[in-house]
Amino acid sequence: MITAAKKEMDLVGVYSLALVTSFGGGAIRDLILDRRPFFFVERWEYVLLIMGLCIPFVYSRQLYRWSRTLVARADLIDALGLGFFTVSGTALAVRAGMPAVICALLGVITSNGGGVIRDLVINEIPQLFKHGRLQSVAALFGASIYLGLLHIESISDSRAAVIAVTITVLLRLSALWRSISRTSQPRVSPGADKRRATCAPPVTSSTTPVVQSERSDARNATASATSSGPPVRPSGV
């Protein structure tokens, strides 16, 4: 909703973007699993709940400021949401009998798909694809841990889910608090060409006398040609 407000959207835009962000990843998961009805259709009360949150958000400036402050400091809420959605998507794929690799990918799609769709709708590069996020990596690692723990008979499904969510949350918080990136630096620096152009060595003064001497020779030749006057025509017979 805050992203929609920054784009100066009205109530319809804010509500649409909130729905896409909340249910986009789950809708993609349900399409792949051929699961009907969709999650937001089965739990339609969440659709009304989001509408109830959007109305005061749009028309109350104080609530908007409070929401921005909360989101700016709510790293733990963001990490918890990532962990819970990842494990829930992975668990649904396991119940559907999908292979382990597909289960892990569906867990990542469930937790990150809505944000990707949101960024595409507002014509921005998805945050998932930017450096320093560790969002997809944390989700994939958490889903893999959950799948691995399911094969241990002494660990129940609920305990495996708690462990996987905890690991995902810790990885996400480490990325937010310590700015850990998947790669230390991007391969291509956006300002590299500009810095290279500004740091180019200036033309040395050693070439200046040569250029000046060539120019002086050309001026002398032109002056001598004009001072000699027009050519003399031979007298006729």
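Bear in mind that the values here come from a model prediction, so they are computed numbers and not experimental data.

1. Here we look at the overall build of the protein
So, step 1. Summing up its helical and strand segments, the protein has 11 helices and zero strands in all.
So, step 2. Shown N-terminal to C-terminal, the secondary structure of the protein runs as helices and strands in the order α-α-α-α-α-α-α-α-α-α-α.
So, step 3. Put simply, the protein has 237 residues, and 30% of those count as buried.
So, step 4. By sequence separation, contacts in the protein at least 24 residues apart represent 69% of the contacts at least 6 residues apart.
So, step 5. Of the roughly 16000 Å² that the protein leaves accessible, carbon and sulfur atoms contribute 62%.

2. Overview of the pattern of salt bridges
So, step 1. One pass over the structure, following the stated rule, counts five salt bridges.
So, step 2. Across the salt bridge formed by Glu42 and Arg35, the nearest N and O atoms sit 3.5 Å from each other.
So, step 3. Arg118 serves as the salt-bridge partner of Asp119, at 3.1 Å between the closest nitrogen and oxygen.
So, step 4. The network of salt bridges with shared partners includes Arg29, Asp30, Arg35 and Glu42.

3. Considering the nonpolar core
So, step 1. Grouped together as the largest cluster of nonpolar side chains are 12 residues: Ala79, Val87, Ala91, Tyr146, Leu149, Ile155, Ala160, Ala161, Ala164, Val165, Val169 and Leu173.
So, step 2. Listing elements by their share of this core, those giving two or more residues are helix H6 (75-95), helix H8 (135-150) and helix H9 (157-178).
So, step 3. Element by element, the count of residues in this core is highest for H9, at six residues.
So, step 4. Ignoring any residue separated from it by four or fewer positions in sequence, one finds Ile155 in contact with Leu149 and Ala160.

4. Overview of the confidence of the model for the protein
Low-pLDDT portions of the prediction should not be read for the details of their coordinates.
So, step 1. The share of residues in the protein with pLDDT of 70 or more is 66%, and the mean pLDDT across the chain is 75.
So, step 2. When mean pLDDT is compared element by element in the protein, helix H7 (residues 100-121) scores highest at 91, while helix H10 (residues 192-198) scores lowest at 53.
So, step 3. When the criterion is pLDDT under 50, residues 180-184 qualifies, and its contacts beyond four places in sequence or with other chains add up to 13 contacts.

5. Observations regarding unusual backbone geometry
The phi angle of most residues is negative, glycine excepted, and most peptide bonds adopt the trans form.
So, step 1. Of the consecutive residues Arg36 and Pro37, the connecting peptide bond is found in the cis state with omega at -5 degrees.
So, step 2. Mapped onto the secondary structure, Pro37 falls in the loop between helix H2 (11-33) and helix H3 (39-42).
So, step 3. Its identity as a non-glycine residue notwithstanding, Asp34 has a phi of 55 degrees, on the positive side.
So, step 4. As for its placement among the helices and strands, Asp34 is situated in the loop between H2 and H3.
So, step 5. A relative accessible area of 57% places Asp34 in the exposed class.

6. So, H6
So, step 1. In this model, H6 (21 residues) spans 31 Å end to end at C-alpha, consistent with the 30 Å of a helix rising 1.5 Å per residue.
So, step 2. Among the residues of H6, those classed as buried are Ala79, Leu82, Gly83, Thr86, Val87, Gly89, Thr90, Ala91, Leu92 and Ala93.
So, step 3. Trailing H6 by a residue or two, Gly97 shows a phi angle of about 80 degrees, which is positive.

7. Overview of the side chain of Asn112
So, step 1. Among the structural elements, Asn112 can be located in helix H7.
So, step 2. We classify Asn112 as buried; its relative accessible area is 4%.
So, step 3. A polar contact is formed between the side chain of Asn112 and the side chain of Gln135, at a distance of 3.0 Å.
So, step 4. The residues contacting Asn112, other than those within four sequence positions of it, are Leu82, Leu128, Gln135, Ser136 and Ala139.

8. Re the packing of aromatic side chains
So, step 1. One pass over the full model with this rule turns up four aromatic pairs.
So, step 2. Arranged with centres 6.4 Å apart and planes meeting at 50 degrees, the rings of Phe23 and Phe39 form a pair that is tilted. With Phe23 in helix H2 and Phe39 in helix H3, the pair connects residues that are 16 residues apart, well separated along the chain.
So, step 3. Three or more aromatic residues joined by ring pairs form one cluster here, namely Phe23, Phe38, Phe39, Phe40 and Tyr46.

9. Some words on the packing of H2 against H7
So, step 1. The contact between H2 and H7 brings their axes to 7 Å, and the two run at 135 degrees. One finds that H2 runs oblique with respect to H7. The chirality of how H2 crosses H7 is right-handed. Of the residues in H7, those touching H2 at Leu17, Val20, Thr21, Gly24, Gly25, Gly26, Ile28, Arg29, Ile32 and Leu33 are Leu106, Ile109, Thr110, Gly113, Gly114, Ile117, Arg118 and Val121.
So, step 2. Residue composition of the contact of H2 with H7, by class: nine nonpolar, seven polar and two charged.

Rules and cut-offs
- Residues numbered from 1 in each chain as written.
- Predicted model: local features only at pLDDT ≥ 70, side-chain atom pairs only at ≥ 80, totals over all residues.
- Heavy atoms only, no water.
- Helix = DSSP H or I, 4+ residues; strand = E, 2+ residues; numbered from the N terminus.
- Buried < 20%, exposed > 50% of the residue type's maximum accessible area, 1.4 Å probe, protein only.
- Contact = heavy atoms within 4.5 Å.
- Areas by Shrake-Rupley, 256 points an atom, 1.4 Å probe, with all protein chains shown as cover.
- Salt bridge = Lys/Arg side-chain N within 4 Å of Asp/Glu carboxyl O.
- Core = buried A, V, L, I, M, F, W, Y, C linked by side-chain atoms within 4.5 Å.
- pLDDT = per-residue confidence, 0-100.
- Expected span 1.5 Å × (residues − 1).
- Polar contact = N/O pair within 3.5 Å; in protein donor to acceptor, adjacent residues only side chain to side chain.
- Phe/Tyr/Trp six-rings, centres within 6.5 Å; stacked < 30°, edge-to-face > 60°.
- Axes fitted to C-alpha atoms, helices over the stretch in contact; angles between N-to-C directions.
- Parallel < 35°, antiparallel > 145°, perpendicular 65-115°, else oblique.
- Left-handed = near helix turned anticlockwise from the far one by under 90°.
- Nonpolar A, V, L, I, M, F, W, Y, C, P; charged D, E, K, R; others polar.

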